[in-house]
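Examining the three-dimensional arrangement
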Amino acid sequence: MDLGVRWKLHGDGRTPAPGAVVRPDERLSWPRTIGLGAQHVVAMFGASFVAPVLMGLDPNLAIMMSGVATVIFLLATRGRVPSYLGCSLSFVGVAAVIRAQGGSSATVTGAVFVVGVVLFLVGVAVQRFGARIIHAAMPPIVTGAVVMLIGFNLAPVTASTYWPADQWTALLVMLFTGLAVVCLRGFWSRIAIFLGLIFGYVISWLFDRIFGKIHSVNGGTEAVDHWRLDFSAVGKADWIGLPTFHGPSFEWSAILVALPVVIALIAENAGHVKAVGEMTGDNLDAKLGTAISADGAASMLSTAVGGPPNTTYSENIGVMAATRVYSTAAYWAAAGFALLFGLCPKFGAIVAAIPGGVLGGITVILYGMIGLLGAQIWINAKVDLRNPLNLVPAAAGIIIGVGNVSLKFTDTFSLSGIALGTIVVITGYHALRAMAPAHLKSQEPLLDSGTSTYDKNDKA
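Keep in mind the model is a prediction, meaning the values are calculated, not measured.

A few words now on the overall build of the protein. A tally of regular secondary structure across the protein gives 20 helices and 8 strands. Here the protein, with 460 residues, has 53% of them falling under the buried criterion. Summarising the internal contacts of the protein: among those between residues at least 6 apart in sequence, 79% fall at separations of at least 24. Accessible surface computed for the protein: about 19,800 Å², of which carbon and sulfur atoms make up 65%.

It is worth spelling out the side chain of D208 at this point. Examined against the element boundaries, D208 turns out to sit in helix α10 (residues 192-211). Reaching out from D208, the side chain makes a polar contact with the backbone nitrogen of R228 at a distance of 3.0 Å. With residues up to four places along the chain from it excluded, the contact list for D208 reads W227, R228 and L229.

So, about unusual backbone geometry. Leave glycine aside and you will find that most residues have negative phi; peptide bonds, for their part, are mostly trans. Despite not being glycine, R78 has its phi angle at roughly 55°, a positive value. Within the element layout of this structure, R78 appears in the loop between α2 (59-76) and β3 (85-87). The residue K382 is not glycine, and still its phi comes out positive at about 55°. Among the structural elements, K382 can be located in the loop between α18 (356-380) and α19 (388-403).

So, on to the confidence of the model for the protein. With 89% of its residues at a pLDDT of 70 or more, the protein has an overall mean of 81. Predicted confidence for residues 444-460 stays below pLDDT 50, and this span has 50 contacts to residues more than four positions away or in other chains.

With that settled, consider a nonpolar patch on the surface. On the surface, a cluster of nonpolar side chains totalling about 600 Å² of accessible area is made up of I198, V202, W205, L206, I210 and F211. Following the sequence through the fold, L206 ends up in helix α10. Judged by relative accessible area, which is 33%, L206 ranks as partly exposed.

Before going further, it helps to spend a moment on the environment of L119. Locating L119 in the fold gives a position in helix α4 (residues 105-129). Taking the C-alpha atoms as reference points, L119 and L265, 146 residues apart in sequence, are found 7.8 Å from one another. Residues in contact with L119, not counting those within four places in the same chain, are V262, L265, I266, I292, D295 and G296.

Another aspect to go through is the pattern of salt bridges. Oppositely charged side chains are able to pair whenever their charged atoms sit close together. On inspection of all chains with the given rule, the structure shows 4 salt bridges. Between R228 and D166 there is a salt bridge, with its nearest N and O atoms 3.1 Å apart. Taken together, the residues R228 in the loop between β5 (223-226) and α11 (232-236) and D166 in the loop between α7 (155-162) and α8 (167-183) connect sequence positions 62 residues apart. In this structure D166 comes out as buried when scored by relative accessible area, which is 7%. A salt bridge links D384 to R386, with the nearest nitrogen and oxygen atoms 3.0 Å apart. On the accessibility criterion, D384 (24% relative accessible area) is partly exposed.

This brings us to the packing of aromatic side chains. Following the criterion strictly, the structure yields 5 aromatic pairs and no others. Aromatic pair F176 and F199: ring centres 4.2 Å apart, planes at 5°, arrangement stacked. Here F176, found in helix α8, pairs with F199, found in helix α10; they are 23 residues apart in sequence, far enough to count as distant. Judged by relative accessible area, which is 29%, F176 ranks as partly exposed. Over the aromatic face of W227 sits the side chain of R209, whose NZ or CZ is 5.7 Å from the ring centroid. Cation over ring: K346 sits above W239, and NZ or CZ is 5.1 Å from the ring centre.

With that settled, the discussion passes to the nonpolar core. By size, the foremost hydrophobic cluster in this structure holds 99 residues, and its most contacted members are F49, M55, L288, I354, Y367 and W378. Within the second largest apolar cluster, 5 residues are counted, among which are V22, L28, L36 and V325.

Cut-offs and rules
Residues numbered from 1 in each chain as written. Predicted model: local features only at pLDDT ≥ 70, side-chain atom pairs only at ≥ 80, totals over all residues. Heavy atoms only, no water. Helix = DSSP H or I, 4+ residues; strand = E, 2+ residues; numbered from the N terminus. Buried < 20%, exposed > 50% of the residue type's maximum accessible area, 1.4 Å probe, protein only. Contact = heavy atoms within 4.5 Å. Areas by Shrake-Rupley, 256 points an atom, 1.4 Å probe, with all protein chains shown as cover. Polar contact = N/O pair within 3.5 Å; in protein donor to acceptor, adjacent residues only side chain to side chain. pLDDT = per-residue confidence, 0-100. Patch = residues over 30% accessible without salt bridge, like charges linked within 9 Å, V, L, I, M, F, W, Y side chains within 5 Å. Salt bridge = Lys/Arg side-chain N within 4 Å of Asp/Glu carboxyl O. Phe/Tyr/Trp six-rings, centres within 6.5 Å; stacked < 30°, edge-to-face > 60°. Lys NZ or Arg CZ within 6 Å of the ring centre and 35° of its normal. Core = buried A, V, L, I, M, F, W, Y, C linked by side-chain atoms within 4.5 Å.

Here is the structure:
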């Protein structure tokens with residue numbers, strides 16, 4: 001049985017020839033392959049350890065399970081789809097909503113576990129019936145709107161929690177990160193979030209030395225005097241040890257909040273498979289269902305032990321594009337590094353010490369970028385927002401999601417924000433399409449961003 005763990009040596013194993021690429025089933029020399037694996041870890045680092053911190057989960061466990069998830073994905077796709085699976089930022093808003101409703105970490109991971117189950121089943125359905133079912137249920141207007149409202153729903157978290165912790169540090173980190181994203185080139189632009197975090201640590205340390213303690217909210221509800229950067233827990237942490245595990249807890253209210261994110265994950269996976277296929281020159285449509293199922297299975301395993309959900313990372317696509325090395329051997333090396341980091345509690349303590357103001361500057365950009373990915377889906381699919389069939393459900397759903405509008409059914413059950421906005425977009429679009437005049441439905445169906453062209457007989 002071919003599990004995609006055998007690689008041919010590319011050329012002399014040193015440097016690809018001009019114009020050549022190292023294919024997924026090839027590798028460079030092992031020292032160079034391990035070095036590329038380390039580079040992939042750095043690329044995913046920023047987002048993959050910021051996300052669990054924002055979700056209130058153990059960053060050590062998140063990094064460890066990202067390595068496990070990557071191994072699951074590589075085995076499931078037989079090494080055909082080079083990818084790294086890191087902590088999904090799409091769930092940050094979900095976690096914030098669940099915690100605001102009194103939910104614990106177990107409630108968060110329980111809700112996300114269910115999303116993993118649904119994602120796995122979607123992948124199985126795509127394998128059975130073909131990628132066309134994705135478009136039938138979730139055309140680009142729906143997918144884009146849901147991704148947009150998920151991102152923009154996070155705005156109050158930054159405005160009320162992170163930014164006020166240290167507004168001047170937040171402002172400087174925001175400016176530095178923005179400059180890094182725009183002005184840096186190649187690999188460095190891909191790790192701009194990580195560079196912004198390092199810059200934030202340095203600025204916070206300098207401000208502590210120059211201005212002393214800051215008076216602001218620090219993990220509680222009342223403003224107190226505290227150091228911006230507090231590494232006291234780092235010295236107490238062990239170098240080697242297991243991360244903190246916990247089991248999931250299932251509550252319907254939390255599950256309904258989390259379920260809409262499955263749409264964003266499907267779009268992310270479709271886009272990733274398409275991008276990798278274009279770079280490697282392989283038609284990977286047949287692997288789309290497998291990739292979605294593998295992502296779902298990996299997220300189920302991670303959340304079952306208390307970790308965050310995972311998804312394919314575009315940051316690592318950037319590394320492949322810059323190096324033209326698509327070897328899955330490098331991703332195996334990256335997964336190994338992630339497992340080692342997960343066994344270092346001292347690393348987790350450093351991550352947990354990220355100052356609130358630094359997160360404020362990062363999340364202003366990060367949350368906005370998540371939301372605007374929805375607009376990018378519309379642009380790629382040439383969605384016509386002049387058509388009221390597209391405009392009305394998207395407009396209503398986005399305002400409900402961003403404004404956190406609620407609909408109360410009983411004293412103990414209500415829908416609001418992300419969950420209600422997603423339901424409005426999906427049901428509103430399909431209901432209006434069923435009743436709309438023919439001229440509003442005349443636009444040819446377009447594939448979701450990331451789904452390649454196929455004929456009627458193709459199966460994913």
